[in-house]
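Structural overview for review
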Amino acid sequence: MTYLFSKPLTLVAFMALALTGCNNSSQTTDESAAGDATTTEAAANPNGTLQKIKDSGTIVVGHRDSSIPFSYIADDPNQPIGYAHDLEMKVVEAVKQKLNMPDLKIRYNLITSQTRIPLVQNGTVDFECGSTTNNEERQKQVAFSNGFFEIGTRLLTKKDSGINGFADLKDKTLVTTSGTTSERYIRQYNDDNKMNTNIISAKDHGEGFLMLENGRADAFMMDDVLLAGEKAKAKNPDEWVIVGEPQSFEIYGCMMRKDDPEFKAVVDEALANVYSSGEINSIYDKWFLNPIPPKNVNLNFEMSDNLKALIANPHDSAQPKAATAQ
């Protein structure tokens, strides 16, 4: 088995930045980087993703570098790890079997919140499983697998900050990750409620927490489980607390190009096999209920009833089937 590792193409990154720059600077999202989706997908994928992989002898896997514990870099800069990454490798094995290519090469390609959609659309990345929310706007640009996680959006702050929920953000400084659904939500919430919150957009979750830890922000808004990941790697995890009623419930899915039902079927079947066999429980326990690299901290993040329901009845809907209290 051969592993290759690469970063997003300079030209692609430039195009993504140029496209996002067309938006209001305070509203940067990955959705704005779509460009002409029909043209790019047709050029990148004229015969389907499986044929592209077969012809090249390589499957290109998108990964994150700081979405703990889903997809991130720990000790080896050339090897992503995480809960979503383990599921991603199950998909790779399914593709190998489908194509009868046991020696299929794997190339890892770094993506960010801003570049993930255009890199999938233009064929640089064949698919990614990380911490990407499946929503209706994104479904117009890319396809999603059946969901593999469900989250609620909350706040991370110091225990003595006086912030216990979103109403306490008035006149405060908040950081969130650029190109995420959290960024879009909090900007709208700030405008609608006249909170006068100073909102800072970080390039990734790691930078967001660093801004919080260094005192540049009073709170960090993101998916609850990602906040738990950042809290776990803090210098003193006990100083921090996750607060606030979830403002939304969102489902993560693997992302791939649109209009490619054959490849999507392989991805969905790979996930379904992990769910039905019960293997998902050991994968979950490994990343959420046991010490994880690089600091061997345990997130102690129990599987929610919502996630149990999603595993029992997989679907690729943009909306959770229920909003059970987390």
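Criteria and cut-off values
- Residues numbered from 1 in each chain as written.
- Predicted model: local features only at pLDDT ≥ 70, side-chain atom pairs only at ≥ 80, totals over all residues.
- Heavy atoms only, no water.
- Helix = DSSP H or I, 4+ residues; strand = E, 2+ residues; numbered from the N terminus.
- Buried < 20%, exposed > 50% of the residue type's maximum accessible area, 1.4 Å probe, protein only.
- Areas by Shrake-Rupley, 256 points an atom, 1.4 Å probe, with all protein chains shown as cover.
- Disulfide = S-S within 2.5 Å.
- Pairing = 2+ DSSP bridges.
- Polar contact = N/O pair within 3.5 Å; in protein donor to acceptor, adjacent residues only side chain to side chain.
- Contact = heavy atoms within 4.5 Å.
- Salt bridge = Lys/Arg side-chain N within 4 Å of Asp/Glu carboxyl O.
- 1 Å grid on protein atoms, 1.4 Å probe; cavity = no way out; pocket = protein on both sides within 12 Å on 5 of 7 lines; lining within 4 Å.
- Points joined across faces, edges and corners; volume = space filled by probe spheres on them.
- Nonpolar A, V, L, I, M, F, W, Y, C, P; charged D, E, K, R; others polar.
- Core = buried A, V, L, I, M, F, W, Y, C linked by side-chain atoms within 4.5 Å.
- Expected span 1.5 Å × (residues − 1).

1. So, the overall build of the protein chain
- Of regular secondary structure, the protein chain possesses twelve helices and 17 strands.
- When the 326 residues of the protein chain are sorted by exposure, 55% land in the buried category.
- Looking at the protein chain as shown, the accessible area adds up to about 13,900 Å², and 48% of this sits on carbon and sulfur atoms.

2. A look at the state of the cysteines
- Taken as a whole, this structure holds one disulfide when the rule is applied.
- The disulfide bridge from Cys129 ends at Cys254, spanning 2.0 Å between sulfur atoms. Measuring handedness by torsion sign, the sulfur bridge of Cys129 and Cys254 sits at about 105 degrees and is right-handed. Pair noted here: Cys129 is in the loop between strand E7 (127-128) and helix H6 (136-139) and Cys254 is in the loop between strand E14 (249-252) and strand E15 (255-256), with a separation of 125 residues, a long-range link.

3. Here's the deal with the sheet that holds strand E5 (residues 80-81)
- Spatially, the three strands line up as an open sheet ordered E3-E4-E5, and their pairing is antiparallel. Edge strands, defined here as strands with exactly one partner in the open sheet, are strand E3 (66-67) and E5.
- Across two bridges, the pairing between strand E4 (residues 71-73) and E5 is antiparallel. In the sheet register, Tyr72 faces E5, and the bridge partner there is Ile81.

4. A closer look at helix H8 (residues 205-213)
- Those residues of H8 that fall on the buried side of the exposure criterion are His205, Gly206, Gly208, Phe209, Met211 and Leu212.
- Near the N-terminus of H8, the side chain that reaches the backbone nitrogen of Gly206, with its oxygen 3.2 Å away, is that of Asp204.
- Looking one or two residues beyond H8, the residue adopting positive phi is Gly215, at roughly 85 degrees.

5. With respect to the side chain of Asn190
- Structurally, Asn190 is set in helix H7 (residues 181-193).
- Residue classification places Asn190 among the buried residues on the basis of a relative accessible area of 13%.
- Not counting chain neighbours up to four residues away, the residues in contact with Asn190 comprise Met195, Asn196, Thr197 and Ile199.

6. Description of the pattern of salt bridges
- In the structure shown here, the tally under the stated rule is ten salt bridges.
- Close ionic contact of Lys264 with Asp268 constitutes a salt bridge, the shortest N to O distance being 2.8 Å. You can see Lys264 and its partner Asp268 sitting in helix H10 (residues 261-277), four residues apart, about one turn around the helix. Residue Lys264 shares its accessibility class with Asp268, and that shared class is buried.
- Here Asp316 ties to Lys264 by a salt bridge, and the two come within 3.0 Å at their closest N and O atoms.

7. Structural notes on empty space enclosed by the protein
- What the rule picks out here adds up to two cavities of 30 Å³ or more.
- Taken as a whole, the largest cavity encloses approximately 70 Å³ of empty space.
- Along the walls of the largest cavity sit Arg64, Ser113, Arg116, Ser131, Thr133, Arg138, Thr180, Thr181, His205, Met222, Asp223 and Leu226, which together make up its complete lining.
- Broken down by class, the residue content of the lining of the largest cavity amounts to two nonpolar, six polar and four charged.
- A volume near 50 Å³ is recorded for the second largest cavity.
- Every residue lining the second largest cavity is listed: Ile68, Gly229, Ala232, Lys233, Ile292, Pro293, Pro294, Lys295, Asn296 and Val297.
- Residues of the lining of the second largest cavity, tallied by class, amount to six nonpolar, two polar and two charged.

8. Considering the nonpolar core
- Ranked by size, the top nonpolar core spans 66 residues in total, and within it Phe70, Tyr83, Val95, Phe148, Phe149 and Phe288 carry the most contacts.
- At eight residues, the largest contribution of residues to this core is made by helix H4 (residues 83-99).
- For Tyr83, the contacting residues outside a window of four places in its chain are Pro69, Phe70, Phe148, Phe149, Ile280, Ile283, Tyr284, Trp287 and Phe288.
- Judged by nonpolar contacts, the second largest core, of twelve residues, contains Ile163, Leu169, Tyr189 and Ile199.

9. Remarks on H7
- When the terminal C-alpha atoms of H7 are compared, their 18 Å separation across 13 residues agrees well with the 18 Å that a helix rising 1.5 Å per residue should span.
- Listed in full, the buried residues belonging to H7 are Thr181, Ser182, Glu183, Ile186, Arg187, Tyr189 and Asn190.
- Buried positions along H7 lie against H6, strand E9 (149-158), strand E10 (173-177), strand E11 (198-202), strand E12 (219-223) and E14.
- Backbone geometry just after H7 places Lys194 at a positive phi near 50 degrees.

10. Overview of the environment of Ser182
- Relative to the helices and strands, Ser182 resides in helix H7.
- Considering only alpha carbons, one finds Ser182 and Asp223, 41 residues apart in sequence, at a separation of 7.6 Å.
- Excluding residues that lie within four positions of it along the chain, Ser182 makes contacts with Thr153, Thr176, Met221, Met222 and Asp223.

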